[in-house]
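# Structure assessment
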Amino acid sequence: MSLLKVENVTAGYGETMILNDVSIRLEEGEIVALIGPNGAGKSTLMKTIFGLLCPRSGRIALDGKEITGWPPDQIVRLGICYVPQTENVFPSLTVRENLEMGAYIRQDDLSFRIEEIFQIFPDLKAFQHKKAATLSGGQHQMLAMSRALMLDPKVLLLDEPSAGLAPKLVELIFEKIIHINQTGVSILMVEQNAKHALKLSDRGYVLATGRNRFEGSGNDLLNDPEVARLYLGG
Amino acid sequence: MPSRDPVKWAIWGLIFLGLAWVVVLVPNGPQYVINGIRFGSLLMLGAIGLSLTYKILNFANFSHGDILIFGAYVALTVDWLLVELIPRWSPGLAEVADGEVMRWLAIFAAMLAGIFAAVIMAYLIDRLIYRRMRRSAAVVLIIASFGMALFLRSLVQALWGTGNRAYAVRISLPYTFDFGLFQIKMNLLQIVTIVVALVLVTLLHFFLKYTKTGKAMRAMADNMDLARISGINTERMIAWTWAIGAGLAVVAGVFMGLNFGAISPNLGALVLLSLFAAVILGGIGSPYGAMLGGLMIGLAQNILVGPATGIATHYQPAVAFILMILMLLFRPQGLLGEAERRS
């Protein structure tokens with residue numbers, strides 16, 4: 001049984017359907033990359049999984065439990081967390097408050113978990129009482145991931161974790177993603193940086209105009225001449 | 001960079017120059033400042049709710065002033081009942097300090113009842129009306145809130161009549177505080193007004209800064225979707241927003257009734273305009289901006305017209321609008337607001 005399963009999902013805004021009959025799955029322990037051109041519906045798929053958008057048809061199941069149409073604040077209780085592409089931190093809250101909000105549903109003391117997060121992302125510790133709006137691009141992205149990790153989720157959805165970062169930071173973020181995956185978190189990520197993402201992924205999906213186009217292991221997709229020509233820039 | 005914002009510093013400079021001018025050069029100036037702080041602290045309490053609903057629910061709530069007056073009228077009835085009933089329950093209490101203690105107890109108990117009624121009313125209106133429009137355009141909600149404003153005002157007129165009504169509190173003679181160079185006259189009511197406002201604003205600050213619910217409210221004001229995916233129950237936070245806004249508004253309403261000598265059903269709509277001016281002056285969407293803006297409008301209305309400048313006090317409401325228009329022209333984001341960033 002797959003950890004996360006999206007079956008034949010059609011979804012969109014109003015009358016416009018962005019996703020048409022999309023199916024993907026994420027197995028325990030995997031990193032899966034979703035790639036494809038702009039406007040392919042990658043981010044929409046993430047939002048739909050997390051209940052920010054209600055699918056017109058199809059079903060979404062987490063750990064065998066159907067979550068189609070659930071509100072986000074219920075879905076997050078099942079051990080799945082989500083980092084949106086933009087506006088993924090609370091700018092007027094401090095770094096520490098952002099982390100506290102990430103674990104809002106927990107009632108107990110969070111300081112131990114916050115210390116663990118600071119061990120993964122040591123840069124954040126010095127800034128913990130600064131407002132998130134004052135962080136640099138790299139720190140911002142680390143905080144966004146940290147907020148989502150506060151609940152120690154089984155599944156992490158990452159929407160373009162490397163977007164807008166300098167090459168050195170992209171490298172660092174991908175290292176962190178591998179590290180997080182090794183601690184037992186299964187990861188589904190959308191990436192513009194397709195080659196890089198496929199290299200570290202177990203499997204990948206190519207999405208185009210809201211449909212599944214290709215599916216395969218990271219290496220197979222990297223070596224597929226058609227995928228390369230269409231989506232990896234030759 | 002906030003420190004390199006010339007318009008902002010020019011405004012602060014004008015404010016301090018104005019205050020210095022009144023205190024030092026105007027005869028009886030400190031008294032006008034105190035009057036301004038007294039009225040400003042009421043506007044401050046009223047403006048907070050307007051600012052919170054704007055920031056969190058994304059619309060300008062035109063029924064806020066009428067929620068304020070609805071609660072003030074409920075308090076009026078409870079106050080009247082208590083002043084009738086307390087002497088029967090406890091004749092001794094009714095005689096302490098010539099009944100003054102009893103009257104103050106009655107007004108505070110009545111205020112709590114008014115807060116309770118207004119919070120329930122605001123919550124019900126949200127559940128029945130605004131909740132269906134969470135994803136609607138702001139203009140739809142503004143029109144809906146107009147409708148609710150008319151509904152509430154008519155309800156008040158139907159239940160309590162259209163005339164002026166007064167609370168059963170007696171205004172004691174003013175104490176004179178002598179600071180050598182200048183003297184300030186304040187009665188107990190004026191002191192209580194300022195102290196209550198300051199205490200409530202301080203409590204709100206600690207609530208927003210240190211409690212989990214307060215932090216979640218700020219998080220939601222920043223980003224509703226991110227709050228939802230963090231597991232924050234946004235509907236519960238919205239209920240909190242209404243409760244805080246309506247509760248503080250009723251405190252403002254009751255103290256306006258006490259300070260002005262009476263309340264009337266139209267007072268809410270009249271005050272609403274000053275509240276909007278306060279919210280815009282301070283920076284729309286920031287509760288601290290609303291506090292500052294309320295204080296500034298109160299000060300300006302008591303300093304820029306009246307004996308200090310020789311302009312008739314009828315122009316008091318105009319002062320609020322002139323300031324609001326100037327602010328919208330020169331610094332639309334307000335004193336504490338940040339420029340809107342388009343990403």
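Residues numbered from 1 in each chain as written. Chains lettered and ligands numbered in written order. Predicted model: local features only at pLDDT ≥ 70, side-chain atom pairs only at ≥ 80, totals over all residues.

Let's shift gears to the overall build of chain A. Looking only at helices and strands, chain A features 9 helices and 10 strands. In terms of C-alpha radius of gyration, chain A reaches 17 Å, essentially the compact-globule figure of 17 Å for 234 residues. Principal axes of the C-alpha set define a box for chain A whose edges measure 45 × 40 × 35 Å. The proportion of buried residues among the 234 residues of chain A is 42%. In chain A, 65% of the contacts between residues at least 6 apart in sequence involve partners at least 24 apart. (Helix = DSSP H or I, 4+ residues; strand = E, 2+ residues; numbered from the N terminus. Rg over C-alpha atoms; globule rule 2.2 N^0.38 Å. Buried ≥ 20, exposed ≤ 12 C-beta atoms within 10 Å, placed from the backbone. Contact = placed C-beta atoms within 7 Å.)

With that out of the way, let us pick up the interface of chain A and chain B. Contacts between chain A and chain B engage 22 residues on the former and 15 residues on the latter. Put simply, the parts of the chain that give the side of chain A that touches chain B at least two residues each are helix H2 (72-75) and helix H3 (95-102) of chain A. Looking at the side of chain A that touches chain B, its residues break down into 12 nonpolar, 4 polar and 6 charged. (Nonpolar A, V, L, I, M, F, W, Y, C, P; charged D, E, K, R; others polar.)

All right, on to the confidence of the model for chain A then. Per-residue confidence for chain A gives a mean pLDDT of 91, with 99% of residues at or over 70. When the elements of chain A are averaged for pLDDT, helix H9 (residues 225-231) of chain A gives the smallest value, 81, and H3(A) the largest, 96. (pLDDT = per-residue confidence, 0-100.)

Residue and element names in this part refer to chain A. Pairing in this open sheet of 4 strands is antiparallel, and the strands run S2-S1-S4-S5 from one edge to the other. Each edge of the sheet is formed by a strand with only one pairing partner; in this case those strands are strand S2 (16-26) and strand S5 (65-66). Looking at chain direction, strand S1 (residues 4-13) and S2 are connected through 7 bridges and run antiparallel. Paired with Val6 across the strands is Ile24, a residue of S2. Those strands touched by helix H1 (residues 42-49) are S1, S2 and strand S4 (57-62), and its axis lies near 70° from that of S2. (Pairing = 2+ DSSP bridges. Axes fitted to C-alpha atoms, helices over the stretch in contact; angles between N-to-C directions.)

In this section: the pairing of strand S10 (residues 211-217) of chain A. Both faces of the sheet carry side chains from a regular strand, because those side chains alternate between them. Residue and element names in this part refer to chain A. Looking at chain direction, strand S9 (residues 203-208) and S10 are connected through 6 bridges and run antiparallel. Looking across to S10, one finds that Tyr205 is bridged to Glu215. Count of turn residues in the S9/S10 antiparallel hairpin: 2 residues, of which Thr209 carries a positive phi of about 40°.

So, on to the confidence of the model for chain B. Per-residue confidence for chain B averages 88 on the pLDDT scale, and 96% of its residues sit at or above 70. No element of chain B has a lower mean pLDDT than helix H4 (residues 91-95) of chain B, which averages 76, and none a higher one than helix H10 (residues 234-260) of chain B, which averages 95.

The next subject is the environment of Ile187(A). All names here are of chain A. Within the element layout of this structure, Ile187 appears in strand S8 (residues 186-190). For Ile187, a count of 23 C-beta atoms within 10 Å corresponds to the buried category. In this structure, the C-alpha to C-alpha distance between Ile187 and Ile80, residues 107 residues apart in sequence, is 9.8 Å.

A word on the packing of helix H1 (residues 6-25) of chain B against helix H2 (residues 29-57) of chain B. The description of two helices packed together rests on the angle between their axes and the distance between the axes. Residues and elements named next belong to chain B. Interaxial distance between H1 and H2 falls to 6 Å at its minimum, and their mutual angle equals 130°. Compared by their axis directions, H1 and H2 come out oblique. Across from Leu19, Val22 and Val23 in H1, the residues of H2 making contact are Gly29, Pro30, Tyr32 and Val33. Class assignment of the residues belonging to the contact of H1 with H2 gives a composition of 6 nonpolar, 1 polar and no charged. (Parallel < 35°, antiparallel > 145°, perpendicular 65-115°, else oblique.)

Once that is clear, we can look at the packing of helix H3 (residues 64-89) of chain B against helix H6 (residues 138-160) of chain B. Residue and element names in this part refer to chain B. Orientation of H3 relative to H6, taken along the N-to-C sense of each, is 20°, at an axis distance of 9 Å. It follows from the interaxial angle that H3 and H6 lie roughly parallel. In this structure, H3 meets H6 at a crossing whose hand is left-handed. Within the contact between the two elements, H3 uses Asp66, Ile67, Ile69, Phe70 and Tyr73 and H6 uses Ala149, Leu152, Arg153, Leu155, Val156 and Trp160. (Left-handed = near helix turned anticlockwise from the far one by under 90°.)

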